[in-house]
Amino acid sequence: MKSYAIFLLLAAAVPCRAQAQAPQTPMPGQILVTGTLADEAAKAAVLARLRELYGAERVVDQIAIGNVAVPANWNAYVHKLIAPNLKLISRGQITVDGNNVSVRGEVANEAQRQQIASDIATSLNPTYIVNNGLRVKAAEAEQGLLDAALDKRIIEFDSGKATITPAGLAILDEMAAVMLKLRGRKVDVIGHTDDTGLRASNVALSQARAEAVRAYLASKGVAADSVLVSGQGPDRPVASNATADGRARNRRIEFRIAQ
């Protein structure tokens, strides 16, 4: 049997979701909860806690019931994790898989980042492993420069490859010029794909494409150590994968000021 797995996607500025069967794309401000639980009682408890915290109208239920194993007192620990300080996180995601807890998203300052991670850790017993992926929100002006340069355009690659097309290179020339002005700032270059094909292959492809972007930016004078790369595969879509247009929007490179 597999372990419990529950994903809480917190109030987001951009619609996003975790993997699930027949997934929806929540509207901005909604909370998507998805994964597999052992019984209806566990599901009801999680949903009740979330609805109490965020309001019933904001919680999107995609929890499935299945044959899963459970660590001791797991339900009680999940209940403790759904605490008021989660409302401080935007563009966020909490994943609880057995005794592994991962939290991602943006908070206002470093004190909040550390406090939320500390609160999560102290609410659990020592057998739980907590991965703190929270980031401090970037200065709006600097992030705005990156957003304006990209201007909602998609950096294109050859199909199924990490080879950047000429049109994509032209956009990266503009991105490099802006990044050279952000002296002292590191930038996260994050690769994303649609959900066509195997997730593992998509994650690897998104990572390879992010690394290709870093290599090209370095050729334009952007210090390689100022560009941090990661591949998220299909895990953070911005549109529905049910349409060709949505899948095209999800195949993208994201630029974020790193903390």
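A few points on the structure. (Residues numbered from 1 in each chain as written. Predicted model: local features only at pLDDT ≥ 70, side-chain atom pairs only at ≥ 80, totals over all residues. Heavy atoms only, no water.)

## Focus on the pairing of strand 9 (residues 187–192)
Regular strands place side chains that alternate from one sheet face to the opposite one.
And step 1. Taking burial as the measure, the six residues of strand 9 include six buried ones, the bulk of the element.
And step 2. Because side chains alternate across strand 9, one face comprises the buried residues Val-187, Val-189 and Gly-191, and the other comprises Asp-188, Ile-190 and His-192, equally buried.
And step 3. Summarising the sheet, strand 9 and strand 10 (residues 227–233) pair through six bridges and their orientation is parallel. Bridge pairing in strand 10 places His-192 opposite Gly-233. (Buried < 20%, exposed > 50% of the residue type's maximum accessible area, 1.4 Å probe, protein only. Helix = DSSP H or I, 4+ residues; strand = E, 2+ residues; numbered from the N terminus. Pairing = 2+ DSSP bridges.)

## A few points about the sheet that holds strand 10
The strands making up a sheet associate through backbone hydrogen bonding, with each pair oriented either parallel or antiparallel.
And step 1. Across the sheet, which stays open at both edges, the three strands sit in the order 10-9-11 with mixed pairing between neighbours. Every other strand in the sheet has two partners, leaving strand 10 and strand 11 (252–257) as the edge strands with one partner each. Within the sheet, the average angular offset between the axes of one strand and its neighbour, ignoring direction, is 20°. (Axes fitted to C-alpha atoms, helices over the stretch in contact; angles between N-to-C directions.)

## So, helix 2 (residues 74–81)
And step 1. Within the span of helix 2, buried status applies to Trp-74, Tyr-77, Val-78 and Leu-81. Along helix 2, the residues classed as buried sweep out an arc of 100° about the axis, all on the same side. (Arc of directions from axis to C-beta.)

## A few points about unusual backbone geometry
And step 1. A positive phi angle is found at Asp-151, which is not glycine, with a value near 50°.
And step 2. With respect to the helices and strands, the residue Asp-151 is situated in the loop between helix 4 (140–150) and helix 5 (166–179).
And step 3. A positive phi is found at Lys-152, a non-glycine position, where the angle reads about 60°.
And step 4. In this fold, Lys-152 is placed in the loop between helix 4 and helix 5.

## A short note on the packing of helix 5 against helix 6 (residues 199–219)
And step 1. Close contact between helix 5 and helix 6 brings their axes to 10 Å; oriented N to C, the two are set at 65°. Crossing of helix 5 over helix 6 shows right-handed handedness. Each of Leu-169, Leu-172, Asp-173, Ala-176 and Met-179 in helix 5 lies in contact with helix 6, whose residues at this interface are Val-213, Tyr-216 and Leu-217.
And step 2. When the residues that make up the contact of helix 5 with helix 6 are grouped by side-chain class, the tally is seven nonpolar, no polar and one charged. (Left-handed = near helix turned anticlockwise from the far one by under 90°. Contact = heavy atoms within 4.5 Å. Nonpolar A, V, L, I, M, F, W, Y, C, P; charged D, E, K, R; others polar.)

## Points about the environment of Glu-106
And step 1. Structurally, Glu-106 can be placed in strand 7 (residues 100–107).
And step 2. For Glu-106, a relative accessible area of 7% puts it in the buried group.
And step 3. Put simply, Glu-106 and Gly-133 are 27 residues apart on the chain and 8.9 Å apart in space, counted from C-alpha to C-alpha.
And step 4. Leaving out residues up to four positions away in the same chain, Glu-106 has contacts with Leu-88, Ile-89, Ser-90, Arg-91, Arg-135, Lys-137 and Arg-256.
And step 5. Of note is the side chain of Glu-106, whose polar atom sits 3.3 Å from the side chain of Arg-135. (Polar contact = N/O pair within 3.5 Å; in protein donor to acceptor, adjacent residues only side chain to side chain.)

## With respect to helix 6
And step 1. Compared with an ideal rise of 1.5 Å per residue, which puts 21 residues at 30 Å, helix 6 spans 31 Å between its outermost C-alpha atoms and is within 8% of the ideal.
And step 2. Looking at helix 6, one finds that the buried residues are Asn-202, Leu-205, Ser-206, Arg-209, Ala-210, Ala-212, Val-213, Tyr-216 and Leu-217. Buried residues in helix 6, looked at end-on, bunch into an arc of 155°, giving them a common side. Residues of helix 6 that are exposed and point over 90 degrees away from its buried face: Ala-200 and Ser-219.
And step 3. In the core, the buried residues of helix 6 are packed alongside helix 5, strand 9, strand 10 and strand 11. (Expected span 1.5 Å × (residues − 1).)

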